[in-house]
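The lines below spell out each chain.
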Amino acid sequence: MMHVKCRSGLYPRSLVQRFAVPDSKVSWSTEYKEYDPPSHTDPGIDGKPWADPEIVRPGFTPKWNNIDGKVNRKSYMGPYKIVNSYPLNPIGRTGLQGRGVLGRWGPNHAADPIVTRWKKIENGANHNDKSILQFVAIKRRDTGEWALPGGMVDPGEKISTTAIREFEEEAMNSLETSESEKEIWRIKFKEFFSTGIEIYSGYVDDPRNTDNAWMETTAYNYHDETGSVVGSLQLKAGDDAVGVKWVDITPELNLYASHKDMVNAVLALRCK
Ligand code: RP5
């Protein structure tokens with residue numbers, strides 16, 4: 001995987017321009033004497049409970065490449081290097097130092113649910129068209145792009161729990177749903193969400209990545225073969241999502257970060 005979306009233009013939520021890194025200079029093993037990226041850490045993350053302090057802060061002794069209390073500082077990409085006290089992006093240069101808007105130095109772990117069904121053909125017979133696989137996409141509030149309804153793993157949280165929680169928050173608006181309604185969902189979807197298949201685990205080409213902080217995810221596929229479980233669900237955008245819909249998986253699809261690669265992996269699994 002090469003940096004594409006985390007190597008171009010202005011850094012999100014800022015006026016900071018990334019240092020332009022050509023394809024041939026992304027790898028740290030390629031010498032690049034002129035490399036002089038700006039440093040940026042969004043002031044908005046300062047003091048947030050989900051964010052690390054500055055690296056040089058007395059008393060901050062992160063256990064790099066380890067499980068650090070409830071924070072997982074291990075990378076799926078193998079051991080990352082620490083250079084001058086700072087973790088180094090395992091894929092290479094991004095044109096920006098610091099943490100940007102990410103909370104953790106080093107890997108920031110997320111989980112992504114890829115909920116799929118066959119497209120419904122409503123011609124009276126109401127059957128499924130098994131040549132077209134659909135997945136639930138949300139429209140992100142920050143970039144306006146369509147994306148998987150994923151989110152950050154809470155400290156100590158089981159990753160598959162994050163994937164399901166995020167689906168409920170972003171695609172079903174669980175944060176504004178009554179407890180009694182949620183209890184009905186839990187019974188209805190318990191079995192469905194226990195059948196997830198891990199599709200991907202690793203680095204994400206996320207526009208928020210920097211040389212010292214980056215996104216990693218585990219993506220799970222939950223497939224509704226008959227379309228009768230979540231396939232018939234009323235979707236409702238919530239939390240950080242401003243839209244939600246079933247989307248056909250086609251070659252033209254354009255998604256946030258490297259989500260298209262994960263969706264394509266599900267397509268390959270289901271359409272073989
Ligand atoms: C992506 O950012 C992950 O794949 C996941 O979809 C998402 C998590 O960040 P937030 O949606 O919580 O901002 O890299």
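Coordinates for the structure precede this section.
Below you will find a few notes about this structure. (Residues numbered from 1 in each chain as written. Predicted model: local features only at pLDDT ≥ 70, side-chain atom pairs only at ≥ 80, totals over all residues. Heavy atoms only, no water.)

In this model, Asn-173 sits at a positive phi of 55 degrees, which is unusual for a non-glycine residue. You can see Asn-173 is positioned in the loop between helix H1 (159-171) and helix H2 (179-189). By relative accessible area, Asn-173 is classed as buried at 5%. Positioned with a positive phi, Asp-239 is a non-glycine residue whose angle comes to about 55 degrees. Mapped onto the elements of the fold, Asp-239 is located in the loop between strand E12 (213-224) and strand E13 (241-248). (Helix = DSSP H or I, 4+ residues; strand = E, 2+ residues; numbered from the N terminus. Buried < 20%, exposed > 50% of the residue type's maximum accessible area, 1.4 Å probe, protein only.)

Turning our attention to the site of the ligand. With respect to spatial proximity, the complete set of residues near the ligand consists of Ala-110, Asp-112, Arg-140, Gly-150, Gly-151, Met-152, Val-204, Asp-206, Arg-208, Met-215 and His-259. Interatomic distance of 2.6 Å between a side-chain N/O atom of Asp-112 and an oxygen atom of the ligand. The backbone of Gly-150 places a nitrogen or oxygen atom 3.5 Å from an oxygen atom of the ligand. Under a 2 Å grid-point criterion requiring more than half of the atoms, the pocket assigned to the ligand is the largest pocket. Counting only elements with at least two residues in the shell around the ligand, the list comes to strand E7 (106-121) and strand E10 (151-152). Per-class residue counts for the shell around the ligand are four nonpolar, three polar and four charged. (Near = heavy atom within 4 Å. Polar contact = N/O pair within 3.5 Å; in protein donor to acceptor, adjacent residues only side chain to side chain. 1 Å grid on protein atoms, 1.4 Å probe; cavity = no way out; pocket = protein on both sides within 12 Å on 5 of 7 lines; lining within 4 Å. Sits in = over half its atoms within 2 Å of the grid points. Nonpolar A, V, L, I, M, F, W, Y, C, P; charged D, E, K, R; others polar.)

Now for helix H3 (residues 259-270). The first and last C-alpha atoms of H3 sit 17 Å apart over 12 residues, in line with the 16 Å expected at 1.5 Å per residue. Among the residues making up H3, those that are buried are His-259, Lys-260, Met-262, Val-263 and Val-266. Seen end-on, H3 carries its buried residues on one side only, within an arc spanning 165 degrees. Buried positions along H3 lie against E7, strand E8 (127-140), strand E9 (146-147), strand E11 (197-203) and E12. (Expected span 1.5 Å × (residues − 1). Arc of directions from axis to C-beta. Contact = heavy atoms within 4.5 Å.)

Among the nonpolar cores identified, the biggest contains 23 residues, and Ile-114, Phe-135, Leu-148, Ile-249, Leu-253, Met-262 and Val-263 are the most heavily contacted of them. Those elements that provide at least two residues to this core are E7, E8, E12 and H3. For Leu-148, the residues in contact, after removing those within four places along its chain, are Asp-112, Pro-113, Ile-114, Phe-135, Ile-138, His-259, Met-262 and Val-263. In terms of nonpolar packing, the next biggest core, distinct from the first, is built from 22 residues, Val-136, Ala-163, Ala-171 and Val-244 among them. (Core = buried A, V, L, I, M, F, W, Y, C linked by side-chain atoms within 4.5 Å.)

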